Amino acid sequence: MLKEKLKKYTLILASGSPRRQQFFKDLDLEFEIRLKDIEEIYPPELKAVEITDFLALLKANAFEGELKENEILVTSDTIVWHQNKALGKPKDAKEAFKMIKSMSGTTHEVITSVCFKTSSSSTLLNDITKVTFNNLSDEAILYYIENYKPYDKAGAYGIQEWFGFMAVAKVEGSYTNVMGLPTSKVYNYLSILE
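In this text the structure is predicted, and so the values were computed from the model without any measurement.

## Quick word on the UniProt feature "active site" (unreviewed entry) in the protein
Feature annotation in UniProt assigns "active site" (unreviewed entry) to the following positions: Asp 77. Relative to the elements of secondary structure, Asp 77 occurs in strand β3 (residues 71–82). When sequence neighbours within four positions are dropped, the list of residues in contact with Asp 77 reads Arg 20, Glu 40, Thr 52, Leu 55, Ala 56, Lys 59, Ile 111, Thr 112 and Ser 113. A polar side-chain atom of Asp 77 sits 3.0 Å from a polar atom in the side chain of Lys 59.

## So, the packing of aromatic side chains
Counting across every chain of the model gives 10 aromatic pairs. Ring centres of Phe 24 and Phe 31 lie 5.3 Å apart, and the angle between their planes is 70°; this geometry places the pair in the edge-to-face category. Classification of Phe 24 by relative accessible area gives buried; the value is 0%. Seen in terms of ring centroids, Phe 133 and Tyr 157 are 4.9 Å apart; in terms of plane orientation they differ by 75°. Their pairing is edge-to-face. With Phe 133 in strand β6 (residues 122–133) and Tyr 157 in the loop between α5 (138–148) and α6 (162–167), this residue pair connects regions lying 24 residues apart in the sequence. Grouping residues by exposure puts Phe 133 and Tyr 157 together as buried. Put simply, the rings of Phe 133, Tyr 143, Tyr 144, Tyr 148, Tyr 157, Trp 162 and Phe 163 pair up and form one aromatic cluster. Against the face of Phe 63 rests Lys 36, its NZ or CZ located 5.1 Å from the ring centre.

## Brief notes about the nonpolar core
Within the largest apolar cluster, 40 residues are counted, with the highest numbers of intra-cluster contacts made by Phe 116, Tyr 157 and Leu 190. Tallying contributions element by element places helix α4 (residues 93–103) first for this core, with 4 residues. Those residues in contact with Leu 190 that lie beyond four places of it in its chain are Leu 2, Leu 6, Leu 11, Leu 29 and Phe 116. One finds Ala 14, Ala 60, Leu 67 and Leu 73 within the second-largest nonpolar core, a separate group that totals 8 residues.

Conventions used here
Residues numbered from 1 in each chain as written. Predicted model: local features only at pLDDT ≥ 70, side-chain atom pairs only at ≥ 80, totals over all residues. Heavy atoms only, no water. UniProt positions renumbered as here; feature names shortened; annotations may be inferred. Helix = DSSP H or I, 4+ residues; strand = E, 2+ residues; numbered from the N terminus. Contact = heavy atoms within 4.5 Å. Polar contact = N/O pair within 3.5 Å; in protein donor to acceptor, adjacent residues only side chain to side chain. Phe/Tyr/Trp six-rings, centres within 6.5 Å; stacked < 30°, edge-to-face > 60°. Buried < 20%, exposed > 50% of the residue type's maximum accessible area, 1.4 Å probe, protein only. Lys NZ or Arg CZ within 6 Å of the ring centre and 35° of its normal. Core = buried A, V, L, I, M, F, W, Y, C linked by side-chain atoms within 4.5 Å.

Below you can see the structure in the form of structure tokens.
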């Protein structure tokens, strides 16, 4: 449906995330992947959604001057926001354990920002999902880290894996947003393009 509407555009996904690439396929979109190595550093005073907005825009701006008139570049960034700080991807098992342990029995926010960039404009949208964890045993956390190695995931967990099925008590908002892309918002935005 949308694929037909977007025929005059070339959709470019600037993400190495297998989950985001799969979402684009599952939305039945034709797209190509273009990647740039970007250091994801943001000013320390930024909080919550300001961080993901900044990083999604930073990734998009790396393509400044390279986009043709009919190209739409899509970049995004996801963080877990908990106890007034951003949890990105853990460096190692120790950091992953600490992150998950801090979220045990509490509610955190998963924030994703998406930037749509053309040769003449940039549009940002974002989404926030609240996720509540059960009380987790150290044993369960260690089992997950050892067997699933969640080092490529913000907040050190994947909701779509064993951990999500076992640990998540409640999700308020978009489920796909927790996996890294608020698919319905992305689809709706692309649907209104002229």
